[in-house]
Amino acid sequence: MINTYNETSLHNELKNRYAKKAHGKIEQKIGKYICDIETDNGNIIEIQTRNLAKLTGKIANLLQEKRKVCLVYPLVYVNYIERYNDEGLCLSKRKSPKRHSIYELFDELMGIYPILLYKDFKLEVLLIEQVEIRQVTAEPVQNETKTRRRLKPWIKSNKQLKNIIDKKSFSKPRHYLNLLPEEISTPFCASDLSKTEVGKYAHKMLWVLHKMELIERVEVKSRSYYYKVKDMYITD
């Protein structure tokens with residue numbers, strides 16, 4: 001039987017890869033925290049597959065101790081689904097039809113925006129192909145996070161890394177502002193952004209960039225806020 005995961009194969013694979021590359025040690029106690037990786041020069045690498053907000057306090061404290069911190073977040077770009085029964089027999093394999101986007105990142109950034117521009121902090125986003133392992137159950141069940149509105153006859157039991165498609169690093173204002181579509185004109189509102197590749201993440205993107213003080217509100221028209229990039233971040 002496949003056990004419900006606490007730390008997934010995806011997390012472990014990335015942790016081992018980054019530790020090897022950085023010549024670091026895994027699961028190191030730093031003050032009151034257990035850190036995924038401490039590099040050979042004393043810096044920290046954390047791997048987090050979801051709920052980045054949980055690490056806000058931990059990262060802020062590590063930065064105050066004059067350590068550089070890299071937070072690695074694997075964002076699923078392509079998802080493959082494999083279903084197994086209690087005996088471990090594979091029942092089916094398929095590619096999920098759901099389309100993914102880099103702008104899904106803003107779901108997570110809403111909870112961690114206060115530290116995104118801290119000195120010595122870097123967010124590394126990996127666009128990945130993932131294999132999602134599902135264990136079929138006899139009856140419809142709730143998931144481990146208790147978020148299902150409708151019960152389903154399976155639970156996620158693991159996540160596995162299939163491939164890293166691309167890597168994007170964020171540490172400076174321009175890295176985040178570069179996510180604004182080139183075709184967007186100033187001033188812009190959520191409706192304008194939603195007509196681009198940003199799509200349904202338009203409101204969250206504007207909320208995060210505004211909270212980070214990278215964009216500012218310039219007017220209100222038809223009950224919609226319009227924004228522009230702050231002058232200090234505009235380049236020719």
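Residues numbered from 1 in each chain as written. Predicted model: local features only at pLDDT ≥ 70, side-chain atom pairs only at ≥ 80, totals over all residues. Heavy atoms only, no water.

1. Side note on the overall build of the protein chain
Tallying secondary structure elements over the protein chain gives six helices and nine strands in all. The principal-axis extents of the C-alpha atoms in the protein chain amount to approximately 60 × 45 × 30 Å. Relative to its full complement of 236 residues, the protein chain shows a buried share of 47%. Considering only residue pairs separated by 6 or more positions, the protein chain has 62% of its internal contacts joining residues 24 or more positions apart. Summing over all exposed atoms, the protein chain offers an accessible surface of approximately 13800 Å²; the carbon and sulfur share of this is 45%. For the protein chain, the separation between the mean place of its 43 positive charges and that of its 30 negative charges on side chains is 2 Å. (Helix = DSSP H or I, 4+ residues; strand = E, 2+ residues; numbered from the N terminus. Buried < 20%, exposed > 50% of the residue type's maximum accessible area, 1.4 Å probe, protein only. Contact = heavy atoms within 4.5 Å. Areas by Shrake-Rupley, 256 points an atom, 1.4 Å probe, with all protein chains shown as cover. Lys, Arg positive; Asp, Glu negative; His and termini not counted. Charge placed at Lys NZ, Arg CZ, Asp CG, Glu CD.)

2. Overview of the pairing of strand β5 (residues 90-95)
As paired strands, strand β4 (residues 69-84) and β5 are joined by five bridges and run antiparallel to one another. By the bridge assignment, E82 is partnered in β5 with K93. Two successive antiparallel strands, β4 and β5, enclose a turn made up of five residues, where G88 displays a positive phi of approximately 85°. (Pairing = 2+ DSSP bridges.)

3. Here's the deal with unusual backbone geometry
Across residues other than glycine, the phi torsion is negative in most instances, and most of the peptide bonds are trans. Of note, the amide linkage connecting T186 to P187 takes the cis form, showing an omega dihedral of -5°. With respect to the secondary-structure elements, P187 resides in the loop between α4 (173-177) and α5 (190-194). Phi angles above zero are rare outside glycine, and E213 is one such case at about 60°. Along the chain, E213 falls in the loop between α6 (202-211) and β8 (215-221).

4. Thoughts on the nonpolar core
Within the largest apolar cluster, 47 residues are counted, with the highest numbers of intra-cluster contacts made by L109, F121, L123, V125, Y176 and M205. Counting residues per element, this core draws most heavily on α6, at five residues. Apart from residues no more than four positions distant in its own chain, V125 is found in contact with Y73, L75, I102, L105, D166, K167, K168 and F170. In terms of nonpolar packing, the next biggest core, distinct from the first, is built from 14 residues, L10, Y18, A22 and I45 among them. (Core = buried A, V, L, I, M, F, W, Y, C linked by side-chain atoms within 4.5 Å.)

5. Some details on the side chain of E124
Position of E124 among the secondary structure elements: in strand β6 (residues 121-141). A relative accessible area of 5% means that E124 is categorised as buried. At 2.5 Å, the side chain of E124 forms a polar contact with the side chain of Y18. A polar side-chain atom of E124 sits 3.4 Å from a polar atom in the side chain of K122. In contact with E124, other than residues within four places in its own chain, are Y18, C70, L71, V72, Y73, K167, K168 and S169. (Polar contact = N/O pair within 3.5 Å; in protein donor to acceptor, adjacent residues only side chain to side chain.)

6. Details of the environment of C189
Looking at the secondary structure, you find C189 in the loop between α4 and α5. Taking the relative accessible area as the measure of exposure, C189 reaches 2% and is therefore buried. Distance from C189 to M110, taken between C-alpha atoms, is 18 Å for residues 79 residues apart in sequence. Apart from the residues within four sequence positions on either side, C189 is in contact with L206, Y225 and Y226.

7. Some thoughts on the packing of aromatic side chains
The description of an aromatic ring pair rests on the distance of the ring centres and on the angle between the ring planes. Here the structure, examined in full by the defined rule, presents two aromatic pairs. A ring pair is formed by Y113 and W207, whose centres lie 5.3 Å apart and whose planes are at 90°; its orientation type is edge-to-face. One end of the pair, Y113, is in the loop between α3 (105-109) and β6; the other, W207, is in helix α6, with 94 residues separating them in the sequence. Seen from their ring centres, F170 and Y176 are 5.0 Å apart, and the 35° between their planes marks the pair as tilted. As far as burial versus exposure is concerned, F170 and Y176 are alike and both buried. Lying over the aromatic face of Y80, K162 brings its terminal NZ or CZ to 5.1 Å of the ring centre. One cation-aromatic arrangement involves K221 over Y226; the distance from NZ or CZ to the ring centre is 4.7 Å. (Phe/Tyr/Trp six-rings, centres within 6.5 Å; stacked < 30°, edge-to-face > 60°. Lys NZ or Arg CZ within 6 Å of the ring centre and 35° of its normal.)

8. Remarks on helix α1 (residues 9-22)
Between its terminal C-alpha atoms α1 stretches 20 Å, which fits the 20 Å expected from 14 residues at 1.5 Å a residue. Turning to α1, its buried residues number three or more, namely L10, H11, L14, K15, Y18, A19 and A22. The buried residues of α1 all sit within an arc of 155° when viewed along its axis, so they share a single face. Turning to α1, the residues buried within the fold contact β1 (25-30), β2 (33-38), β3 (44-47), β4, β6 and β7 (152-170). One or two positions beyond α1, positive phi appears at H23, with a value near 55°. (Expected span 1.5 Å × (residues − 1). Arc of directions from axis to C-beta.)

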